[in-house]
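Residue strings, one per chain:
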Amino acid sequence: MIQTKTNRIAALQAKVDRIAKTGVPKDQTEPPRVILPIRHENTRFMPAGLPAGCIHELHGAGWDAETGIAASGFAAAMLAKISAGAMLWALRHDTPYAPRLAAFGLDPDRLIFCRCRDDGESLAALEEALRTPGIAAAIGEVGHVTLTQSRRLHLICERAGNLGVLLRRQFHGKPAARRKPQGSAAATRWRILLAPTETQEPGLGPPRWRLDLLYCRGGMPGSFLVEWSDEARHLRLVAKLADHEARLEQFGLRRAG
Amino acid sequence: MSNSDCVGPDKPLAIVATQGSKRRIVAINDIARDRGVMPGHRLTDARAIVPDLVTVAADHEADAAALVTLSHWAQRFTPSTAVSPPSGLWLDITGCTRLWRGEQPLLESLMHQLERRGIPCQAAIADTFGAAWAFAREAGCYTIVPPGAHRKRLSDLPLKALRLEPETLADLRRLGLKTIGEVMALPRAALANRFEDVLPRLDQTLGNAPEAIAFVQPPTPWFESLTFADFLMTPEDLQRALAALARKLCRRLSEAGRGGKRFEAGFFGADNTVQRIAIATSLATHDARGITQLLAARLERIDPGFGIEVITLRASRIAPLHERQIAMDQEQGNLATTAPLIDKLGNRLGFNNVWRFAMAQSHWPERAVTQAAPLARPSHRVWENGAARPIRLLSRPEPIEATAFLPDRPPVQFRWRRVLRRVRRAEGPERIAPEWWRDEENAPQAIRDYYCVEDESGARFWLYREGLYQNGAPPPRWFIHGFLA
């Protein structure tokens, strides 16, 4: 009798764990990971790159929160690391420019675009895409996402093992932009800021972003200053006020959020 | 098509139209007919015969509208229906008799359903539109002329079955000609000389000349319908019925090695309304489940009202299926497996809102990228110039107020959308001229000098100066065209 009770409690506990999904359950195999386009293996922050089977949120900041320029670049660099499968990009107003996507290593032939009128359509398109077998990743530009919506997307991703990206933009003049931000089921949440070039040479240096990892499930938040290299097609960490690659130990950990 | 509801079936009723200065009877009900009134009588004569005759003024517009409604109603038998004013309908039943297992059951069902709605009718099935028209009007209640037999049987019909002008008809009658057979026996040259509309009509009726009729939709064999004794009310029932129809249609499509690219479902309500939903697919398909899913997503637009009596499903665009296999061979990255997704998105957002990039042979930034169908063959070409191009291009360049110290220098500051931005770093210019075969006259003004600039916050913009500085000409204008990342 006692034995069965313990069994049942254990089963229930397992169920609770499964539902709560606090970290990856021990008995499950690790979900496939998308190697983060950062060359240094950042073991302290991200065990082995971005896990697939999850959704990830990319935010802009300040002026760029509306246009999502830096976030689009980061998304392109991230999606380029997925080697096979088609991808869907659910757009709102303006479209990314194909030659530049190609320069990020993302073959424009693999991308399917759809233009959506509101958050509802973007999220629905994202959901349909993530349910489709041939789709390796789907990225949706949305203004406001509720916890329920992001959980739904997360569960679909988890089942299908593909990568969902929410590119959060603040669409001005839309009622959604003024709504209170809600929690999210995203595995990681990034804020990408455009950072000024700091070389002594004339002209524009390589694109430089400050990546704030605001939240990372099972990992630590952090902040990185990175540069995109068009030749090597990867992001490299740079130290502030210096033009050389920083070693990770020197790179200060900063808690955010 | 008299509306006798307002009078009651026990009163003699006549519909009266004014023809010239006379008022004539154009239609009557059975009681009036029994008491001796005939269409064509003058109203005064009719009143003398039946003093208590109830008359209603003819409303030709309402009749025409009712006829159009009836033609839509009749689409439950075949998608291809057309009106034949003032009171006729044409149905092209090519390929649709299979659903009723023969022509006779179809005709009986059609007449039965019309009579149940209080519409008395005569009908005929024949090889040609003209012959069907003639037999329906002049050969009694219903006629089915077997294939090839219409020529022989037409000769006994009166001349007015030929759809001739009233004047021609009167002339022929004056010559003592009464039946179509008598006219057919006449030498053609004489007929053509004296009556210009007799020979074309005769040839059309016999099937020797083509006839153009404005059908609502072309006839198709890819048509299925289901009739329900108990009217369907719930969306679940409708969806089940759609699934059954899709299975039937898709089985036939797959046997023929074909697929549909556009499907239309028609819902015929008990209140004689017709509602339709249509979906399109990017690849030809005979996947019944996929079609049902796409149609079911639109079912919310259907209002069952008093119930749905008949549901039809039609594949209105057909393509051979091997198109799909070619596409699969060409694709990398399983693009063809994404067809169901593209169909869902296309039907929800519109197919012009789902696309893939295609490269165009142009160095002009707006024209270098075009949109292609999502399942079009990929170009597999190398996209060039990517490093110095923006991540997002404005669909239309926006004018900015820029300050540049020297003609060929980047601006030191510019104002875009009322925000002043100081340029901290810049690269350029990259001169892009329009192709020589476009805009020949104003080519020097259309030259663009592009600069990549970075402001103090690190934001990068793609600006250009349109035109060159020239003596006497207004200074060139500046535009913002995109954002770099």
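Above this note sits the structure.
Residues numbered from 1 in each chain as written. Chains lettered and ligands numbered in written order. Predicted model: local features only at pLDDT ≥ 70, side-chain atom pairs only at ≥ 80, totals over all residues.

Moving on: the overall build of chain B. For chain B, the helix and strand inventory stands at 16 helices and 19 strands. In terms of C-alpha radius of gyration, chain B reaches 34 Å, well past the compact-globule figure of 23 Å for 485 residues. Dimensions along the principal axes, computed over C-alpha positions, put chain B at roughly 100 × 55 × 50 Å. Buried residues in chain B amount to 35% of all 485 residues. (Helix = DSSP H or I, 4+ residues; strand = E, 2+ residues; numbered from the N terminus. Rg over C-alpha atoms; globule rule 2.2 N^0.38 Å. Buried ≥ 20, exposed ≤ 12 C-beta atoms within 10 Å, placed from the backbone.)

In this section: the overall build of chain A. Per the secondary structure count, chain A includes 6 helices and 11 strands. A separation threshold of at least 6 residues defines the contact pool for chain A, and within that pool the share at least 24 residues apart is 66%. (Contact = placed C-beta atoms within 7 Å.)

A few words on the interface of chain B and chain A. At the interface, 47 residues of chain B touch 44 residues of chain A. Only helix 14 (339-349), strand 12 (354-359), strand 14 (392-403), strand 16 (419-432), strand 17 (448-455) and strand 19 (477-484) of chain B provide two or more residues apiece to the side of chain B that touches chain A. Per element, the largest residue contribution to the side of chain B that touches chain A is 6 residues, and it comes from helix 14 of chain B. Taken together, the residues of the side of chain B that touches chain A break down into 23 nonpolar, 13 polar and 11 charged. Taken together, the 2 bridges between strand 5 (residues 111-115) of chain A and strand 12 of chain B define a ladder with antiparallel strand orientation. Its bridge partner lying in strand 12 of chain B, Phe113 of chain A is registered against Trp355 of chain B. (Nonpolar A, V, L, I, M, F, W, Y, C, P; charged D, E, K, R; others polar. Pairing = 2+ DSSP bridges.)

Attention now moves to the sheet that holds strand 9 (residues 258-269) of chain B. The strands that make up a sheet are held in pairs by hydrogen bonds between backbone atoms, and each pair lies either parallel or antiparallel. Residues and elements named next belong to chain B. What the 4 strands build is an open sheet, ordered 8-11-9-10; its pairing is antiparallel. Both edges of this open sheet fall to strand 8 (223-232) and strand 10 (274-285), since each of them pairs with a single strand only. Pairs of neighbouring strands in the sheet enclose a mean axial angle of 15 degrees, with direction left out of account. Bridge count for strand 9 against strand 10 is 8 bridges, and the pairing is antiparallel. Bridged to Arg262 within strand 10 is Ala280. Strands in contact with helix 11 (residues 235-255) are strand 8, strand 9 and strand 11 (308-320); relative to strand 11, the strand with the most contacts, it is inclined by about 35 degrees. (Axes fitted to C-alpha atoms, helices over the stretch in contact; angles between N-to-C directions.)

As for its position among the elements, Arg377 of chain B is in the loop between strand 13 (369-372) and strand 14. In this structure Arg377 of chain B comes out as partly exposed when scored by C-beta crowding, with 14 C-beta atoms within 10 Å.

Let us look at helix 5 (residues 119-131) of chain A. Between its first and last C-alpha atoms helix 5 of chain A spans 18 Å; for 13 residues at 1.5 Å apiece the expected length is 18 Å, and the two agree. Considered for burial, the residues of helix 5 of chain A that qualify are Asp119, Glu121, Ser122, Leu123, Ala125, Leu126, Glu128, Ala129 and Leu130 of chain A. Tucked into the core, helix 5 of chain A has its buried residues touching strand 4 (86-91), strand 5, strand 6 (135-142), helix 6 (147-160) and strand 7 (163-168) of chain A together with helix 14 of chain B. (Expected span 1.5 Å × (residues − 1).)

Residue and element names in this part refer to chain A. Here 7 bridges tie strand 8 (residues 188-194) to strand 9 (residues 208-216), and the two strands are oriented antiparallel to one another. Looking at strand 9, one finds that Ile192 is bridged to Leu211. The pairing of strand 9 with strand 10 (residues 222-229) spans 6 bridges and is classified as antiparallel. Along strand 10, the bridge assignment pairs Arg210 with Leu225. Joining the antiparallel neighbours strand 9 and strand 10 is a turn of 5 residues, in which Gly218 adopts a positive phi near 75 degrees.

Further remarks concern the nonpolar core. Counting 102 residues, the largest nonpolar core has Ala75, Met87, Leu88 and Ile135 of chain A together with Leu463 of chain B as its most contacted members. Once residues within four sequence positions are removed from consideration, Met87 of chain A is found in contact with Leu79, Arg110, Leu111, Ile135, Ala136, Ala137 and Ala138 of chain A. Counting residues in hydrophobic clusters, the runner-up holds 61 residues, among them Phe129, Trp133, Ile180 and Leu242 of chain B. (Core = buried A, V, L, I, M, F, W, Y, C linked by C-beta atoms within 7 Å.)

A word on the packing of helix 5 (residues 129-138) of chain B against helix 10 (residues 198-206) of chain B. Any two packed helices are characterised by how steeply their axes cross, that is the angle between the axes, and by the distance between the axes. Residues and elements named next belong to chain B. Contact geometry of helix 5 with helix 10 gives a least axis separation of 5 Å together with a crossing angle of 90 degrees. In this view, helix 5 runs roughly perpendicular relative to helix 10, as classed from their interaxial angle. In contact with Gly130, Ala131 and Ala134 of helix 5, helix 10 contributes Arg201, Gln204 and Thr205. (Parallel < 35°, antiparallel > 145°, perpendicular 65-115°, else oblique.)

The next thing to look at is the environment of Arg159 of chain A. Within the element layout of this structure, Arg159 of chain A appears in helix 6. Here the alpha-carbon distance between Arg159 of chain A and Leu130 of chain A, two residues 29 residues apart in the chain, equals 9.4 Å.

All names here are of chain B. Across the junction of Pro85 and Pro86, the peptide omega takes the value 5 degrees, indicating a cis bond. Tracing the chain through its elements places Pro86 in the loop between strand 4 (81-84) and strand 5 (88-91). Phi at Asn272 takes a positive value of approximately 65 degrees, unusual for a residue other than glycine. With respect to the element layout, Asn272 can be found in the loop between strand 9 and strand 10. Looking at Asn272, the number of C-beta atoms within 10 Å reads 14, which means it is partly exposed. A positive phi angle, near 50 degrees, is found at Arg417, a position not held by glycine. The residue Arg417 is located in the loop between strand 15 (413-416) and strand 16 in this model. Residue classification places Arg417 among the exposed residues on the basis of 8 C-beta atoms within 10 Å.

For the rest of this paragraph, the subject is the sheet that holds strand 2 (residues 22-28) of chain B. Residues and elements named next belong to chain B. An order of 2-1-3 is seen for the 3 strands of this open sheet, with the pairing classed as mixed. If you trace the sheet from one side to the other, it starts and ends with strand 2 and strand 3 (54-57), each paired once. Neighbour-to-neighbour, the strand axes of the sheet open up by a mean angle of 40 degrees, direction not taken into account. Sheet topology places strand 1 (residues 13-19) next to strand 2; 6 bridges connect them, and they run antiparallel. Bridge pairing in strand 2 places Thr18 opposite Arg23.

Our focus in this paragraph is the pairing of strand 12 of chain B. Residues and elements named next belong to chain B. Here strand 12 lies mainly inside the structure; 5 of its 6 residues are buried. Two strands pair when backbone bridges link them, and strand 12 and strand 13 are joined in this way by 4 bridges, in the antiparallel orientation. Across the sheet, Phe357 pairs through a bridge with Gln371, a residue of strand 13.

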